[in-house]
Amino acid sequence: MRVLLIGGGGREHALAWKLAQSPRLSALYAAPGNPGIARHATCVPIKADRIDALAAFAERERVDLTVVGPEAPLVAGIVDLFQSRGLAIFGPSRAAAAIEGSKAFAKALMAKHGIPTARFRTFGEPAAARGYCRTIGAPLVVKADGLAAGKGAIVCATLAEADEAIALCLEHRAFGAAGATVVVEEFMRGEEASFFALSSGAEVIPLGVAQDHKRVYDGDQGPNTGGMGACSPAPIVDEPTAALVMERIIRPTIRALAAEGRPYRGLLYAGLMLTSKGPKVVEFNCRFGDPECQAVLMRLADDLLPLLHAAATGAALPMSVTWGTGAAVCVVLASQGYPGEYPTGLPIAGVDEAEALPGVVVFHAGTARKDGTLVTAGGRVLGVTARGDSVSAATDLAYRGVDRVCFQGMHYRKDIARRR
Ligand code: AMP
Ligand code: GLY
């Protein structure tokens, strides 16, 4: 099978690494890819947002399956475009991707279909939004409706902070059109987990659970990031909890989307809060989480390619997938200043040395080659990922890998998967 992978971050490197192991793969292209992905795929310089050029490439190269990594092309309708040209593609249609592309849509869907989530209301008008904040009281969360590069959810400890967040979105338009509507919701207490499910539209199966570490500093301090590390499985999601999530959240959501005329094919990612009243949805994403994907795919024993192909084409899914024993942990190495401004183009040393440790894979997130040297090219630079017999073994091995890598200003959390 000839496959085109879209994207160029750590998640896509993990997908490329896993797809490259498939005996059914005959060619793998990545657009645009990165130096890590280039070890497994032929990289083509087409950015993920150039969906017409991507479809033309898939046609020209007789690609059998396109796998979309990031959310932006999905929300922009890449799947609809490919399908209109008869090209098989893994991911939800534009209408189904609205589950991530519009928080107002996702929340309304959950409310209508009884899917557990925080109490909320949606506003376009600041005074009404501020009034509702006074009804539910602080702490609360203000969320920009549309895609805001992971910065659109503002947790407010006080009503004054909520007023500011509302001003930021609705008055100052800090998120542009994405923040012209806001969701104001109740603050939920509990532990968070990322739950992946694979859906063909008709069927849906679990595809791994992981725990992300969103804050930049140890002890969950500092601003939110795209994710500083992940551990899979998530120790806090046991078998009965996972079964409950499938029954109360995942299956009803897939059914609800179908009932609304938006059948969902692809990877559905539920960001969960495990509250005292059971698991509730924080948000849905229409693609794999990054860096959760890196940890989850390290543990997947089955061939990923037929799974993605079946989901993409609406073919039968297996009842379940097979996992390797033990756990996998990914530690993200970030540029100085991330999640704020950061420099790029700094030389990176020690990747080969880290990968010389059996059980360690270093996934590239924001790297580039400059005159043959590997250099930094993003906020999140590398994801040092390790498999071990237990969470603590995988964690220790991942940090041994981290110790071998170095670039100027490199920072990372020292407490990934070590919180308890
Ligand atoms: P989101 O972009 O919706 O995933 O939100 C980003 C982060 O904000 C989440 O991972 C949570 O840590 C936090 N968050 C969002 N909504 C809530 C909520 N209703 N209660 C508590 N924390 C939340
Ligand atoms: N790690 C969180 C996300 O991918 O959205």
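Our structure is the block above this text.
Note on numbering: residues in each chain are counted from 1, in written sequence order. Whichever chain is written first becomes A and whichever ligand is written first becomes 1, with later ones labelled in order. Thresholds applied to this predicted model are a pLDDT of at least 70 for local features of residues and 80 or more for the giving and counting of side-chain atom pairs; totals over whole chains, interfaces and linings are not thresholded and use all residues. Computation of side-chain values covers all heavy atoms of the structure but excludes hydrogens and water.

**A short note on the nonpolar core**
- In this text, buried Ala, Val, Leu, Ile, Met, Phe, Trp, Tyr and Cys residues form a nonpolar core when linked through side-chain atoms within 4.5 Å. Each residue is placed in one exposure class: buried if its accessible area under a 1.4 Å probe, protein chains only, is under 20% of its type's maximum, exposed if it is over 50%, and partly exposed if it falls in between. Counting 55 residues, the largest nonpolar core has Ile78, Ile99, Phe195 and Ile250 as the members making the most contacts within it.
- It is helix H9 (residues 239-259) that provides the largest number of residues to this core, a total of eight residues.
- What makes two residues a contact is simply this: any of their non-hydrogen atoms within 4.5 Å. Every residue in contact with Phe195, bar those within four places of it in the chain, is listed here: Pro206, Gly208, Val209, Ala242, Val245, Met246, Ile250, Leu268, Tyr269, Ala270 and Leu272.
- By size, the runner-up hydrophobic cluster in this structure holds 42 residues, among which are Ala14, Leu15, Trp17 and Ala311. Numbering goes from the N terminus for both helices and strands, where a helix is a DSSP run of H or I of at least four residues and a strand is a run of E of at least two.

**Quick word on helix H13 (residues 391-403)**
- Taking 1.5 Å of rise per residue, 13 residues should cover 18 Å, and H13 covers 18 Å from first to last C-alpha, within 8% of that figure.
- Buried within H13 we find Ala394, Thr395, Leu397, Ala398, Tyr399, Gly401 and Val402.
- Looking at the buried positions of H13, the neighbouring elements they touch are strand E17 (327-334), helix H12 (351-355), strand E18 (360-364) and strand E21 (380-388). One less than the number of residues in a helix, times 1.5 Å, gives the span that helix is expected to have.

**Observations concerning the site of ligand 1**
- The local shell around ligand 1 holds 15 residues, among which Glu185, Glu186, Met188, Glu192 and Glu283 are the closest.
- At 2.5 Å from an oxygen atom of ligand 1 is found a side-chain nitrogen or oxygen belonging to Glu192.
- Nitrogen and oxygen atoms within 3.5 Å of one another constitute a polar contact, given that in protein one can donate a hydrogen and the other can accept it, and given that sequence-neighbouring residues count only through two side-chain atoms. With respect to ligand 1, the side chain of Lys214 contributes an N or O atom lying 3.0 Å from an oxygen atom.
- Here, Shrake-Rupley sampling with a 1.4 Å probe gives the accessible areas, and only protein chains in the shown set may cover a residue. Against a free-state accessible area of 470 Å², the protein chains account for coverage of 92% of ligand 1.
- Within the residue set of the shell around ligand 1, elements represented by two or more residues are strand E7 (140-144), strand E9 (182-186) and strand E16 (278-285).
- For the shell around ligand 1, the residue count by class is seven nonpolar, one polar and seven charged. Here a residue is near a molecule or strand as soon as one of its heavy atoms is found within 4 Å of it. When residue character is reported, Ala, Val, Leu, Ile, Met, Phe, Trp, Tyr, Cys and Pro are called nonpolar, Asp, Glu, Lys and Arg charged, and the others, Gly included, polar.

**Examining the side chain of His13**
- Mapped onto the elements, His13 comes out in helix H1 (residues 10-19).
- Here the side chain of His13 touches Gly36 through a polar contact of 3.3 Å, landing on its backbone oxygen.
- Beyond its immediate chain neighbours, meaning those up to four positions away, His13 contacts Gly36, Ile37, Arg39, His40, Val362, Phe363 and His364.

**Things to note about the packing of H1 against helix H11 (residues 304-313)**
- In this analysis, axes come from line fits to C-alpha atoms, helices being fitted only over the stretch in contact, and the angle between any two N-to-C directions falls in the range 0 to 180 degrees. Where H1 meets H11, the closest approach of the two axes is 8 Å, and the angle between their N-to-C directions is 110 degrees. In this view, H1 runs roughly perpendicular relative to H11, as classed from their interaxial angle. In this structure, H1 uses Leu15, Lys18 and Leu19 to contact H11, whose residues at the interface are Leu304, Leu305 and Leu308.
- Considered class by class, the residues forming the contact of H1 with H11 number five nonpolar, no polar and one charged. By the definition adopted for this analysis, an angle is roughly parallel if under 35 degrees, roughly antiparallel if over 145, roughly perpendicular if from 65 to 115, and oblique otherwise.

**Some points on the pattern of salt bridges**
- Each salt bridge in this description consists of a side-chain nitrogen of Lys or Arg and a carboxyl oxygen of Asp or Glu lying within 4 Å of one another. Scanning the model with the defined rule gives 18 salt bridges in all.
- A salt bridge links Glu71 to Arg287; the nearest nitrogen and oxygen atoms lie 3.1 Å apart. Remark: Arg287 occurs in the loop between E16 and helix H10 (292-299) and Glu71 occurs in helix H3 (residues 71-75); sequence separation between them is 216 residues.
- Among the salt bridges present, the one from Arg130 reaches Glu171, with a minimum N-O distance of 3.4 Å. Here the residue Arg130 occupies a position in helix H7 (residues 126-136), and Glu171 occupies one in helix H8 (residues 159-171), the gap between them amounting to 41 residues.

**Things to note about the packing of aromatic side chains**
- To pair, rings of Phe, Tyr and Trp, with the six-membered ring standing in for Trp, must have centres within 6.5 Å; the planes then decide the type, stacked if under 30 degrees apart, edge-to-face if over 60, and tilted in the middle. Counted under the stated rule, the structure contains six aromatic pairs.
- Between Phe196 and Tyr269, the ring centres sit 5.5 Å apart and the planes meet at 50 degrees, which makes this aromatic pair tilted. Taken together, the residues Phe196 in strand E10 (residues 191-200) and Tyr269 in strand E15 (residues 265-275) connect sequence positions 73 residues apart. For the pair Phe196 and Tyr269, one class covers both residues: buried.
- Judged by centre distance (6.3 Å) and plane angle (45 degrees), the ring pair of Tyr399 and Tyr412 falls under tilted. With Tyr399 in helix H13 and Tyr412 in the segment after H13, this residue pair connects regions lying 13 residues apart in the sequence.
- Tyr399 gets classed as buried once you look at its relative accessible area, which sits at 8%.
- Clustering of aromatic rings is evident, with ring pairs tying together Phe196, Tyr269 and Phe288.

**What about the sheet that holds E17?**
- With antiparallel pairing, eight strands are arranged side by side in an open sheet as E16-E15-E10-E11-E14-E17-E21-E18. The sheet is open, and its two edges are formed by E16 and E18, each paired on a single side. Going across the sheet, the axis of each strand differs from the next one's by a mean of 25 degrees, ignoring polarity.
- In this description, strands pair whenever DSSP reports at least two bridges between them. As paired elements, E18 and E21 share five bridges and run antiparallel to each other. Paired with Val360 across the bridge in E21 is Ala386.
- In this fold H11 packs onto E10, strand E11 (204-212) and E15, with an angle of close to 70 degrees to the strand it touches most, E10.

**Description of the pairing of strand E8 (residues 153-156)**
- Of the two faces of E8, the one lined by Ile154 and Cys156 is fully buried and the one lined by Ala153 and Val155 carries no buried residue.
- Two strands pair when backbone bridges link them, and E7 and E8 are joined in this way by four bridges, in the antiparallel orientation. By the bridge assignment for E8, Val142 is matched with Ile154.

**Points about the site of ligand 2**
- The environment of ligand 2 is made up of Asp212, Gly226, Tyr269, Asn285, Arg287, Gly289, Asp290, Pro291 and Glu292.
- With respect to ligand 2, the side chain of Asp212 contributes an N or O atom lying 2.8 Å from a nitrogen atom.
- The backbone of Gly226 places a nitrogen or oxygen atom 2.9 Å from a nitrogen atom of ligand 2.
- Coverage of ligand 2 by the protein chains reaches 90% of its 200 Å² of free accessible surface.

**Remarks on the sheet that holds strand E3 (residues 42-43)**
- The strand order across the open sheet built from five strands is E3-E2-E1-E4-E5, with neighbouring strands paired in parallel fashion. A single partner strand is all that each edge strand has here, and the edge strands are E3 and strand E5 (89-90).
- Across four bridges, the pairing between strand E1 (residues 2-7) and strand E4 (residues 65-68) is parallel. Looking at the pairing, Leu4 lines up with Thr66 of E4.
- Packing against the sheet, H1 makes contact with E1, strand E2 (27-32) and E4, and its axis sits at approximately 165 degrees to E1.
- The strands that H11 touches are E1, E4 and E5; relative to E4, the one it contacts most, it runs at about 95 degrees.

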